[in-house]
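Each chain, written out:
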Amino acid sequence: AQTVTQSQPEMSVQEAETVTLSCTYDTSENNYYLFWYKQPPSRQMILVIRQEAYKQQNATENRFSVNFQKAAKSFSLKISDSQLGDTAMYFCAFMKPGGTDKLIFGTGTRLQVFP
Amino acid sequence: DVKVTQSSRYLVKRTGEKVFLECVQDMDHENMFWYRQDPGLGLRLIYFSYDVKMKEKGDIPEGYSVSREKKERFSLILESASTNQTSMYLCASSLHQGRGTEAFFGQGTRLTVV
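Residue numbers here run from 1 along each chain, matching the order of that chain's written sequence. Starting at A for chains and at 1 for ligands, labels are handed out in the order in which the entities are written. Local features in a predicted model are, by the rule used here, given only for residues with pLDDT of at least 70; side-chain atom pairs are given and counted only at 80 or more, and totals for whole chains, interfaces and linings are based on all residues. Here the side-chain values reflect all heavy atoms present in the structure, with hydrogen atoms and water set aside.

**Student:** Whenever I open this one, the pairing of strand β11 (residues 109-113) of chain B confuses me. Can you help?
**Tutor:** Within a regular strand, side chains alternate between the sheet's two faces. All names here are of chain B. Of the two faces of β11, the one holding T109, L111 and V113 is buried and the one holding R110 and T112 is not buried anywhere. Relative to β11, strand β2 (residues 10-13) is paired through 4 bridges, and the arrangement is parallel. Paired with L11 across the strands is L111, a residue of β11. For two strands to be treated as a pair, DSSP must find no fewer than two bridges joining them. Numbering of helices and strands runs from the N terminus, with a helix taken as a DSSP run of H or I at least four residues long and a strand as a DSSP run of E at least two residues long. Pairing of strand β9 (residues 87-94) with β11 involves 3 bridges; the strand directions are antiparallel. Looking at β11, one finds that S87 is bridged to L111. Only protein chains enter the accessibility calculation, which uses a 1.4 Å probe. A residue is then buried if its area is under 20% of the maximum for its type, exposed if over 50%, and partly exposed in between.

**Student:** It is not clear to me how the interface of chain B and chain A should be interpreted in this structure. Could you clarify?
**Tutor:** One frequent convention defines the size of an interface as the accessible area lost when the parts assemble. Contacts between chain B and chain A engage 30 residues on the former and 22 residues on the latter. Here the buried area means the combined drop in accessible surface, using a 1.4 Å probe, for two parts upon being joined, counting both sides. Between chain B and chain A lies a buried interface of about 2000 Å² when both sides are counted; carbon and sulfur atoms form 51% of it. When residues of chain B are sorted by the area they lose upon contact with chain A, G98, G100 and F105 of chain B head the list and together hold 25% of the total. The salt bridge criterion pairs a side-chain nitrogen of Lys or Arg with a carboxyl oxygen of Asp or Glu, the two atoms within 4 Å. The tally of links between chain B and chain A comes to 0 salt bridges. The definition of a polar contact used here is a pair of N or O atoms within 3.5 Å, where within protein one atom must be able to donate a hydrogen and the other to accept one, and adjacent residues in sequence count solely through side-chain atom pairs. Applying the counting rule to chain B against chain A returns 6 residue pairs in polar contact (both at pLDDT 80 or more). Those elements giving two or more residues to the side of chain B that touches chain A turn out to be β4 (31-38), β5 (42-49) and β9 of chain B. The class makeup of the residues in the side of chain B that touches chain A is 13 nonpolar, 13 polar and 4 charged. Contacts: residue pairs with any heavy atoms within 4.5 Å of one another. Any residue that is not Ala, Val, Leu, Ile, Met, Phe, Trp, Tyr, Cys, Pro, Asp, Glu, Lys or Arg is counted as polar, Gly included; the first ten are nonpolar and the last four charged.

**Student:** Can you walk me through the nonpolar core in this structure?
**Tutor:** Nonpolar side chains in soluble globular proteins tend to end up buried together. Residue and element names in this part refer to chain A. Y25, W36, F75, L77 and Y90 are the most contacted members of the largest nonpolar core, which totals 25 residues. Every element with two or more residues in this core is listed here: β3 (19-21), β5 (33-39), β6 (46-52), β8 (64-69), β9 (74-79), β10 (88-95) and β12 (109-114). Take this core: its biggest share by element is 4 residues, from β10. In this view, L77 contacts V19, T20, L21, W36, V48, I49, F64, S65, V66 and Y90; residues no more than four positions away in its chain are not counted. In plain words, nonpolar cores are sets of buried Ala, Val, Leu, Ile, Met, Phe, Trp, Tyr and Cys residues tied together by side-chain atoms within 4.5 Å.

**Student:** Is there a simple way to explain the sheet that holds strand β1 (residues 4-6) of chain B in this structure?
**Tutor:** One key point about sheets: their strands pair by backbone hydrogen bonds, in either a parallel or an antiparallel sense. All names here are of chain B. Pairing is antiparallel across the open sheet formed by 4 strands, whose spatial order is β1-β3-β8-β7. The open sheet has two edge strands with one neighbour each: β1 and β7 (64-70). Pairwise comparison of adjacent strand axes, ignoring direction, gives a mean angle of 20° for this sheet. Sheet topology places β1 next to strand β3 (residues 19-25); 3 bridges connect them, and they run antiparallel. Each residue of the ladder has a partner; that of Q6, found in β3, is C23. Axes here mean lines fitted to C-alpha atoms, for a helix over just the part in contact, with angles spanning 0 to 180 degrees between N-to-C directions.

**Student:** Teacher, can you tell me more about the side chain of S49 of chain B here?
**Tutor:** Residues and elements named next belong to chain B. One can find S49 in strand β5. Looking at S49, the relative accessible area reads 1%, which means it is buried. A distance of 2.9 Å separates the side chain of S49 from the backbone oxygen of D51, its partner in a polar contact. Within the structure, the side chain of S49 is placed 3.0 Å from the side chain of R68, a separation counted as a polar contact. If sequence neighbours within four positions are ignored, S49 has contacts with E30, N31, M32, M54, K55, R68 and F74.

**Student:** How do you make sense of the state of the cysteines when you look at a structure like this?
**Tutor:** Covalent bonding between the sulfur atoms of two cysteines defines a disulfide. All names here are of chain A. Note on disulfides: each one is a pair of cysteine sulfur atoms within 2.5 Å. If you walk through the whole model with that rule in mind, you get 2 disulfides over all chains. Between the sulfur atoms of C23 and its disulfide mate C92 the distance is 2.0 Å. Given an S-S torsion of about -70°, the disulfide between C23 and C92 has left-handed geometry. With C23 in the loop between β3 and β4 (24-26) and C92 in strand β10, this residue pair connects regions lying 69 residues apart in the sequence. Like C23, the residue C92 is buried in the burial classification.

Structure (structure tokens):
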């Protein structure tokens, strides 16, 4: 069975600085999808970034980028130029292809951005 | 914009009550999911459905059932609520493609069972 591990329950960063959130996963699949979801204090979860395992290139979305290391089964999220609005819970998630589209989530990292 | 709407943001129910949590999506998605979110445990899948009247158990289905009579609506039912079901419940929907499509979430229902 697949598992997703986020080893940092809480992190903090100063506004305009860069922060990296860690995620590791365990799977025997060769092809799969990885996601970072953000849950702000208002609670609606939204997608931050998505990575397809067969793509070597790391995904980027504006200030958000990932460091995908397939052999190490690592999928970290880098937030550059942190903003107060980045304060949220961040969840790493795994999905197998060709199946039911269900997500397997990590336990989350609570990120606080300070002015 | 995709909208996933959960009928209540906060609910307080008594032990033994039958509880219905409703979720509606407006983007014609085939997949719908119910997750439970607890501190330190992340999100855990309770049930999901990939078509009308179809349902499959997730990782923690005990004590729950679901209903999907219409494509846009997915209900979670607690047959006899217990205090250990106090939690945040999140509904989500997505296209059924098997290719890593984005899931869209509702705002969550904070359920307290007393």
